[in-house]
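Per-entry structural report
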Amino acid sequence: PRAPRRPPQTMAVTLHTSQGDIKLELNCDTAPRTCFNFLALAASGYYDGTTFHRNIKGFMLQGGDPTGTGKGGESAYGGYFEDEVTRELKHTGAGILSMANSGPNTNGSQFFITLAPQPSLDGRHTVFGRVSSGLGTVKRMGAVRTDANDRPIESVRILKARVDGAPQAL
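Residues numbered from 1 in each chain as written. Predicted model: local features only at pLDDT ≥ 70, side-chain atom pairs only at ≥ 80, totals over all residues. Heavy atoms only, no water.

Here four bridges tie strand S2 (residues 20–27) to strand S7 (residues 127–133), and the two strands are oriented antiparallel to one another. Looking at S7, one finds that Leu 26 is bridged to Gly 129. Bridge count between strand S5 (residues 96–99) and S7: three bridges; the pairing is antiparallel. Within S7, the residue paired with Ile 96 across the bridge is Arg 130. (Pairing = 2+ DSSP bridges. Helix = DSSP H or I, 4+ residues; strand = E, 2+ residues; numbered from the N terminus.)

Here it is in structure tokens:
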């Protein structure tokens with residue numbers, strides 16, 4: 001007889017934004033280092049007050065950079081950490097949570113939430129969660145006016161990022 005398969009290990013983070021709340025379910029069993037990074041940064045207040053600095057219509061919303069430029073941010077590990085790309089988790093629709101990067105193994109603090117299926121990103125960005133509630137908020141955020149560089153005209157902020165429940169590791 002085979003041992004019973006252990007249930008998926010998930011955690012949740014709620015982003016309280018200037019547009020409403022977004023609850024994110026994290027896939028800690030398939031992307032443990034990425035989830036730990038996100039959980040540690042959220043628990044420490046790192047994301048509080050940051051903006052979604054990039055908003056590409058019908059594509060994705062990007063945040064997690066304390067400088068607001070898209071060029072800053074550091075992981076909970078200090079510097080970059082490795083990708084955790086899997087065949088199971090893909091950019092299948094709106095509300096997929098994934099790490100932003102500038103090439104292989106350059107994960108830091110920045111992340112994005114998809115606004116539609118994005119199969120071209122599969123295998124290049126670590127998917128580590130999904131929106132479990134607040135997809136309407138994500139859609140509202142995706143509809144804000146942007147400039148020619150995909151920066152929101154009106155600031156869209158993470159007021160507070162909070163880990164739901166008390167993770168033992170943090």
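We now examine the state of the cysteines. Taken as a whole, this structure holds zero disulfides when the rule is applied. Left without a disulfide partner, Cys 28 is nearest to the cysteine sulfur of Cys 35, which lies 3.8 Å away. A residue is classified by how much of its surface remains accessible, and Cys 28, at 16% relative accessible area, is buried. Among the residues examined, Cys 35 registers a relative accessible area of 1% and is labelled buried. (Disulfide = S-S within 2.5 Å. Buried < 20%, exposed > 50% of the residue type's maximum accessible area, 1.4 Å probe, protein only.)

Our focus in this paragraph is helix H2 (residues 135–142). Every buried residue belonging to H2 is among Thr 137, Val 138, Met 141 and Gly 142, and all of these are buried. Taken down its axis, H2 places every buried residue within 140 degrees of arc, on the same side. Structurally, H2 contributes buried residues whose contacts are with strand S1 (10–17), S2, strand S3 (54–56), strand S4 (60–63), strand S6 (111–114) and S7. (Arc of directions from axis to C-beta. Contact = heavy atoms within 4.5 Å.)

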